[in-house]
Amino acid sequence: MNLQFKKIIFYAAILLAGIFAPIVFPAYTFQLAVLWMMILFALTWDILGGQMGYNSLGNILFFGAGMYICTVVQIGMYYDVAEYTAHFGAVKIDFTPYQYFTGISAGLVIAAFACAIIAVIFGWIVFGLRGPYFAIGTLGVAIAAGELVGAWDYVGGGGGISLPNYPGGPGDREMFFYMLCFISAVCTFIFLKWLYSTRFQLALNAIRDDEEKAEAMGIHTNRYKTIAWSFAAFFLGISGGIFGNMTGFIEPLEVAFPTVTFGIFMVLMVLLGGKGTLWGPVIGAIIFHVIKEITWTYLLGWQWVALGALIIINVVYFQQGIMGWAQEKWPEFFGITVDEAIASAEENSPAEKEASL
Amino acid sequence: MNKIIQVRDVNKSFGGVVANSNISMDVEEGKITGLIGPNGSGKTTLFNSIVGYHPIDSGTIHFDNREISQLKVQKIARLGILRTFQQTRIYSKMNCVKNMLISAAHHNTKWLDMFTEYPQELTERAEHLLEFVGLYSKRFLISGDLSFGQQKLLEFAMALMNEPKVLLLDEPTAGINPTLINGLIDRLKRANHEFGITLFVIEHNMRVVMNLAESIYCLAHGEMLSHGTPEAIKQDQKVIDAYLGAH
């Protein structure tokens, strides 16, 4: 069996597992959907945090913005949004299946592009900051966004909005949202796998390793930074739109802009799996989600302590993450080798002798 | 000979410290020009002014008859002036080939080019240049794991990959052992002859700069002290005084 064939089998197995998992374990459909969402979070955070070395604590902004934009579009296509949010709880509006599905499709598409545009504008402001200042700056904007939305009555303010009801049975509803989460995570992965095979990845890595050098070499650093962030925002916007509908009710602080839960989880998952790799975030997200669900079920009351312990172990003893550790342990597997044949041929040449001195 | 870089009456101060005062000088196209001076005489400041790293207080800098003192670092780099750093700077977590590929010139890249793969000929050129500096067998190693001397060679190869018109080298031999220095001098000369790259070199090692440059400028206390051929500079009493502290 050649390598190409093995790869195809590997990816096919993952896709089949993704499709059949909720059928085999129907009780866990919601959890599995959240797992795919976590993978999407980790993958998009890694674009900046891992590949480009810009540790953003504010990526949750795009999740929340996507959620609100999707919701407003969904409702706004068929009703007056201000009236809908003002009558929250008092009037029950039913959406026909046609209205529901056209609304959610348009909502997700618009949320994705709007978030990408927000990233461009927001990037223009915060990309002047470097290192820890960038982290704090982005965190500040994400928190501010939650508070601002909470004070905006048009979108329901702190009281939130309840989303249109899914026109179908509860089983269908779970499966529908599971599939949306699954497809969006897989699309994110495929997109990044392609993106990381182009010049784009090298430019991001160059910015990570030495931005000043990258500038001195004439790389359009701002262009790369802004586009990288809008890619992350694009997919996060979609995930926000899906998550809002899956939850059925959104409000600014706990659901849309959960800085201390999802906002931090996306960082932790990447650190756990290994920054700056394609598979690291995926592996990190799976392990993190499993640990989190186990502690939330069996260690209730101590779950945050267990999570804190995991963070400390990760940061103190295991900084490079699982993929980083594997790369250090088996460098040949990752193609980090000395060309032995040439090295021995060069041994007697003066050039090589000088260079190795 | 065409004067590719023309610096006229450039002043640059950092607070009360005058780093460059009324500096005027020329770099001739296709030649190797040297810049010497005691520590703190303003050599690196002049380099930084030319490549747009900081704005100058007054004066003009022309490159190919174009005023560049208002342009940004990236723009100047894309025009064809490249510099290497005194403290070697490479992309330390990437392997050598990737370091080389990302250093390919960016002056005529289009928006969509950033989403394409590198063409085969670029990879071949990268490998050819790595061979030129003697790093070919180590091309897949993470560059941060190379020795300091090897990193300097890699940085030089990256600069060549960019195909600049002028290359500004900030102490290319600092921290390199004497054997490797000879190899480096040889490669700098070949880069000048074979690739036609104009070199402008800051250097403390007199043996190197006298051997390399055809025209030498000497700075002291932020002022242009002297200019001439290596022989003239060697004999110049002002230069000797500056180095020995009679100033």
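Residues numbered from 1 in each chain as written. Chains lettered and ligands numbered in written order. Predicted model: local features only at pLDDT ≥ 70, side-chain atom pairs only at ≥ 80, totals over all residues.

Provide a residue-level description of the domain arrangement of chain B, including the pertinent values.
Residue and element names in this part refer to chain B. Once the domains are mapped, chain B shows domain 1 (1-80 + 165-247) and domain 2 (92-163). Facing 10 residues of domain 1, the contacting portion of domain 2 comprises 10 residues. Considering each element in turn, the side of domain 1 that touches domain 2 owes the most residues, 3 residues, to helix H6 (residues 178-194). Here the residues of the side of domain 1 that touches domain 2 are counted per class, giving 6 nonpolar, 2 polar and 2 charged. (Domains from an automatic or database assignment. Contact = placed C-beta atoms within 7 Å. Helix = DSSP H or I, 4+ residues; strand = E, 2+ residues; numbered from the N terminus. Nonpolar A, V, L, I, M, F, W, Y, C, P; charged D, E, K, R; others polar.)

Before we move on, could you go through the sheet that holds strand S1 (residues 3-14) of chain B and cite the residues and values that matter?
Pairing between the strands of a sheet comes from backbone hydrogen bonds, and it takes one of two forms, parallel or antiparallel. Residue and element names in this part refer to chain B. Across the sheet, 4 strands lie side by side as S2-S1-S4-S5; this open sheet has antiparallel pairing. In this open sheet, the two strands that pair with only one neighbour each are strand S2 (17-28) and strand S5 (66-67). Sheet analysis places S1 next to S2, joined by 8 bridges and oriented antiparallel. When the sheet's bridge partners are listed, Phe 14 is paired in S2 with Val 17. (Pairing = 2+ DSSP bridges.)

Give a description of the nonpolar core that names residues and reports values.
Of all hydrophobic cores here, the largest spans 175 residues; its most connected members are A:Met38, A:Ala42, A:Cys115, A:Met269 and B:Ala157. In terms of residue count, the dominant contributor to this core is helix H2 (residues 29-52) of chain A (15 residues). Leaving out residues up to four positions away in the same chain, B:Ala157 has contacts with B:Met100, B:Leu129, B:Leu130, B:Phe132, B:Val133 and B:Leu135. (Core = buried A, V, L, I, M, F, W, Y, C linked by C-beta atoms within 7 Å. Buried ≥ 20, exposed ≤ 12 C-beta atoms within 10 Å, placed from the backbone.)

With reference to specific residues and values, describe the interface of chain B and chain A.
Taken residue by residue, the interface counts 42 residues in chain B and 32 residues in chain A. Looking at the side of chain B that touches chain A, the elements that each hand over two or more residues are helix H2 (73-79), strand S6 (81-83), helix H3 (96-102), helix H5 (148-161) and H6 of chain B. Per-element accounting of the side of chain B that touches chain A gives the leading share, 4 residues, to H2(B). Across the side of chain B that touches chain A, the residue classes tally to 18 nonpolar, 15 polar and 9 charged.

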